[in-house]
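Architecture and fold: a report
One-letter residues, chain by chain:
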Amino acid sequence: MSAASGMILDVRDLCVQAGGRRILDGLSLEVRAGEVHAIMGPNGSGKSTLTGVLAGRPGLEVVSGRATYLGRDLLAMAPEERAREGLFLAFQYPVEIPGVNNVYLLKAALNALRRHRGLPELDAFEFLNLVRGRLAAMQMDEGLLNRGVNEGFSGGEKKRNEILQMSLLEPTLALLDETDSGLDIDALKVVAAGVNAQRGPGRAIVLVTHYQRLLEHVVPDRVHVLAGGRIVRSGGRELALELERRGYDWLRAETAA
Amino acid sequence: MNAAAPLDRLTAAHAELAPRLAGGPSWTRRRRQALERLLARGLPERRDENWRYLDHARLGAFSPGPAAAGDLPAWPALPLPGTRRVTLVDGRYEPALSDAPETGVQVEDLAALLSRDPEAALALLRAPGDDADDRYALVADAFAADGVLIRVAAGAAPAAPVCLTHLASAAAPGTHHARLSIALGPGAKLTLVERFSAAGPAAALGNLAAELSLGRGATLVHVRLHEHGAAAAQVETWVARQEAGSRYEQYLFATGGVILRSNLRLALAGEAAECRLLGLFAVDGERQADLHTVVTHDAAATRTEQECRGIARDRGRGAFNGRIVVRPAARGADASQSSRNLLLSPLAEINARPQLEIHTDDVRCRHGATVGSLDEAQLFYLRSRGLDAAAAGALLTWAFCADLIGRLPLPELRAAMQARFAAALPDRALLAGSA
């Protein structure tokens, strides 16, 4: 499998445990360039474990299976290497880091990426121009730049901040872990616009969500249902609507049968 | 080394030195009494409750006689415009490195006072009490010949900070003892930046006995920078008393020296007296920092805000031992105490003992202590943004300090401290703007 075939992420039979408990149990997923995938599932189905293991979150143990990213063994890469190779995780619960201001982290992240790609670092002027443009698009107050990373941010501000980082880093593969949760409708639209702006031929987005609300604004190419640690059903947009209508219980009953 | 050896060496050093010290018969008697009290009680040891984490063997290895003076190398000035300097070199007031004080401030050279008016000096300098933690102050009293007294007149509020620098020039190993007395009259206001900078190449121990008093409604902002050189050690014993409505703010940064042992015993004696004690120590190599405080709330509506943070790397060792006592008379007292500590290596060690002792119901008290390594979730968050593990760790360590440094009320000094703690990080300017 190579990048030439348009394959960005290829997960095969992935089994992951945490704290001695099996959470992902034979999960397979293929994501190609230009695609937006939605992964839906009930609480506890393994959604955050999936994004976590792909981004390199510590504490998750890969028991078997593999994940290939742009032709490379993703699971062998350090988290920062994954980030520099263009993988981005928007956290469900963005971490607060008092004492490190937001603008510092943005610049450090962008420069880490640019160095990795052999590009010159942006000077302060270029950088601030870039950030200001993205901030405006996310309808974020410039004051947030000089606050501690996520420190005292409201839930909505934290989620916008994640999308702001994403828009600055322009990832090849963006994993959004319940970015829609806790957002009011206005914030949801802003976040959705930020995500839609990331859609492009060379890139892919995986949205992990509990509800299909976000999918009204970011229309996915594929929808998957995650239950019991594996993908139990895949389909188009209409699958999300069906889930919205019928909930998850019928699937549980069906897959248990 | 047997246990008596350090005392024997102290006695011998005292016998040799005492006849040459100024102050006449009354001071000879006072010094001898101090020595006798010390001999009766012995130096602090590991088995003493408040001294158990200190490396006594290493402290006892410093020669008790005076360190031979060496040349003073240049030391960087603090970025504090207009500061009035008061400088002690090897515990001795150095007029050539001191400025005339502002109106309302009096700076008195203890050695000069001992020669001129030994009886006045006796009255001005309290003899150390019988507190078990005062034994190094007894040592200082037994050898007392130098130091400085700073007085701020009632209502005076000098515009510029006083910068009190303790320099050690030590060309050969030894100990220098110094006495310090700081008193603010009622309503006086002072910013005092105190700085320890051991410049000499040899292993010198500084032993400082200090007293502090704040009159009614007085305010003292006291920044304390322990920036000793690699071979130097410091023991200090502070006894402080605050009258009604006074405010004491201490910002202690311990980043240098092989051993620092700091004792502060502070009495909030008057109604609504308040103190803020912020401390940050960073130990690496084989260094040790041991901070010990006892604050007593003796009057109603008194307040304490205490926060100590520590970072230990390599085989560095740190201790925070803080006790707050709220006496029955202290109705409506408010005390908070927190100790947060970061261990950055498996061989590093930090002991945190916050203690609250409350003898009245009408109080608001909170305390807590943590000792741990860097936060895994924060590390992962930074790494997921492309920062490598080392850079992420350095940034989080910085953040741990920056928070506290950000509360320094002197902007120029705050920026300098931030820059220093951020020294290993890229884009420092951007970072320092954060707090």
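Not measured: the values here are computed from a predicted model.

Some remarks on the overall build of chain A
Within chain A one finds 8 helices and 12 strands. Projected onto its principal axes, the C-alpha positions of chain A cover 60 × 40 × 35 Å. Per-residue burial for chain A yields a buried fraction of 54% across its 257 residues. Partitioning the intrachain contacts of chain A with sequence separation of at least 6 by distance along the chain shows that 67% fall at a separation of at least 24. A total accessible area of about 10,400 Å² is found for chain A, and carbon and sulfur atoms account for 48% of it. Here chain A holds 31 positive side-chain charges and 32 negative ones, and the gap between their average locations is 2 Å.

Focus on the packing of helix α3 (residues 102-116) of chain A against helix α4 (residues 124-137) of chain A
Residue and element names in this part refer to chain A. Contact geometry for α3 and α4: axes closest at 11 Å, N-to-C directions at 110 degrees. The orientation of α3 relative to α4 falls into the category roughly perpendicular. Here α3 contributes V103, L106, K107 and L110 to the contact with α4, which in turn contributes A124, F127, L128, L130 and V131. For the contact of α3 with α4, a count of residues per class yields 8 nonpolar, no polar and 1 charged.

Focus on the packing of helix α8 (residues 389-405) of chain B against helix α9 (residues 411-421) of chain B
All names here are of chain B. Where α8 meets α9, the axes come as close as 10 Å, and the angle between the chain directions of the two elements is 170 degrees. Viewed along their axes, α8 and α9 adopt a mutual orientation that is roughly antiparallel. Across the interface between the two elements, W398, C401, A402 and I405 of α8 pack against R414, M417, Q418 and F421 of α9. Partitioning the contact of α8 with α9 into residue classes produces 6 nonpolar, 1 polar and 1 charged.

Notes on the domain arrangement of chain B
All names here are of chain B. Taken domain by domain, chain B holds domain 1 (4-66 + 78-270) and domain 2 (375-435). If you look at the interface, domain 1 gives 14 residues, while domain 2 gives 11 residues. When the two sides are added together, the surface that domain 1 and domain 2 hide from each other amounts to roughly 1,000 Å², 82% of it contributed by carbon and sulfur. Our enumeration of links across domain 1 and domain 2 arrives at 0 salt bridges. At the junction of domain 1 and domain 2, the tally comes to 0 residue pairs in polar contact (both at pLDDT 80 or more).

Remarks on the sheet that holds strand β2 (residues 21-32) of chain A
The strands that make up a sheet pair up through hydrogen bonds in the backbone, lying either parallel or antiparallel. Residue and element names in this part refer to chain A. Ordered in space as β2-β1-β4-β5, the 4 strands form an open sheet in which the pairing is antiparallel. Strands at the two margins of the open sheet, each flanked by one partner only, are β2 and β5 (72-73). Here strand β1 (residues 7-18) runs beside strand β4 (residues 61-69); their pairing, made up of 7 bridges, is antiparallel. Counterpart to Q17 in the pairing with β4 is E61.

Side note on unusual backbone geometry
All names here are of chain B. You will see that D90, though not glycine, has its phi angle at about 50 degrees, which is positive. Locating D90 in the fold gives a position in the loop between β1 (84-89) and β2 (92-93). One non-glycine residue, A301, lies in positive phi territory at about 60 degrees. Position of A301 relative to the elements: it lies in the loop between β14 (288-297) and β15 (303-312).

A closer look at the nonpolar core
Among the nonpolar cores identified, the biggest contains 71 residues, and A:L54, A:L173 and B:L413 are the most heavily contacted of them. Both domain 1 (4-66 + 78-270) and domain 2 (375-435) of chain B contribute no fewer than three residues apiece to this core.

What to know about the side chain of B:T293
Within the secondary structure layout, B:T293 lies in strand β14. Of the polar contacts made by the side chain of B:T293, one reaches the side chain of B:Q306; its length is 2.9 Å.

A closer look at the side chain of A:Q212
Note that A:Q212 resides in the loop between β10 (204-209) and β11 (222-227). A polar side-chain atom of A:Q212 sits 2.9 Å from a polar atom in the side chain of A:E216.

Section: the packing of aromatic side chains
On inspection of all chains with the given rule, the structure shows 3 aromatic pairs over all chains. Ring geometry for A:F91 versus B:Y381: centroids 4.8 Å apart, planes at 70 degrees, classification edge-to-face. Of the two residues, A:F91 sits in the loop between β6 (87-90) and β7 (97-101) while B:Y381 sits in helix α7 (residues 376-383), which places them in two different chains. Each member of the pair, A:F91 together with B:Y381, is buried. Geometrically, the ring pair formed by B:W51 and B:Y136 is tilted, given 5.7 Å between the ring centres and 35 degrees between the ring planes. Here B:Y136 lies in helix α6 (residues 135-143) and B:W51 lies in the loop between α2 (24-41) and α3 (56-60), a separation of 85 residues in the sequence.

Digging into the pairing of strand β12 (residues 259-268) of chain B
Residues and elements named next belong to chain B. Extensive coverage of β12 is indicated by the burial of 9 of its 10 residues. By the bridge criterion, 10 bridges tie strand β10 (residues 233-242) to β12 in an arrangement that is parallel. Bridging across to β12, V235 finds its partner in R261. Bridge count between β12 and β14: 10 bridges; the pairing is parallel. Within the sheet, the bridge partner assigned to I259 lies in β14 and is Q288.

Remarks on the interface of chain A and chain B
Interfaces are often described in size by the accessible area the parts lose on coming together. The partner chain B presents 25 residues to the 35 residues of chain A that form the contact. Of the roughly 2,400 Å² buried between chain A and chain B, counting both surfaces, carbon and sulfur atoms make up 64%. At the surface where chain A touches chain B, the tally comes to 2 salt bridges. One salt bridge in this structure joins A:E80 and B:R383, with 2.7 Å as the shortest N-O distance. Linking chain A to chain B there are 11 residue pairs in polar contact (both at pLDDT 80 or more).

Section: the pattern of salt bridges
Counted under the stated rule, the structure contains 54 salt bridges over all chains. For the salt bridge of A:R246 with A:E242, the shortest nitrogen-to-oxygen distance reads 3.0 Å. Of the two residues, A:R246 and A:E242 both sit in helix α7 (residues 237-246), 4 residues apart, roughly one turn of that helix. In this structure, the salt-bridge partner of B:R407 is B:E307, at a minimum N-O distance of 3.2 Å. Taken as a pair, B:R407 in the loop between α8 and α9 and B:E307 in strand β15 lie far apart in primary sequence, 100 residues in all. For B:E307, a relative accessible area of 12% corresponds to the buried category. What you see here is one network of salt bridges that share partners, running through B:R247, B:E249, B:E274, B:R303, B:D334, B:R364 and B:R366.

Calculation rules
- Residues numbered from 1 in each chain as written.
- Chains lettered and ligands numbered in written order.
- Predicted model: local features only at pLDDT ≥ 70, side-chain atom pairs only at ≥ 80, totals over all residues.
- Heavy atoms only, no water.
- Helix = DSSP H or I, 4+ residues; strand = E, 2+ residues; numbered from the N terminus.
- Buried < 20%, exposed > 50% of the residue type's maximum accessible area, 1.4 Å probe, protein only.
- Contact = heavy atoms within 4.5 Å.
- Areas by Shrake-Rupley, 256 points an atom, 1.4 Å probe, with all protein chains shown as cover.
- Lys, Arg positive; Asp, Glu negative; His and termini not counted.
- Charge placed at Lys NZ, Arg CZ, Asp CG, Glu CD.
- Axes fitted to C-alpha atoms, helices over the stretch in contact; angles between N-to-C directions.
- Parallel < 35°, antiparallel > 145°, perpendicular 65-115°, else oblique.
- Nonpolar A, V, L, I, M, F, W, Y, C, P; charged D, E, K, R; others polar.
- Domains from an automatic or database assignment.
- Buried area = accessible area lost by both parts, 1.4 Å probe.
- Salt bridge = Lys/Arg side-chain N within 4 Å of Asp/Glu carboxyl O.
- Polar contact = N/O pair within 3.5 Å; in protein donor to acceptor, adjacent residues only side chain to side chain.
- Pairing = 2+ DSSP bridges.
- Core = buried A, V, L, I, M, F, W, Y, C linked by side-chain atoms within 4.5 Å.
- Phe/Tyr/Trp six-rings, centres within 6.5 Å; stacked < 30°, edge-to-face > 60°.

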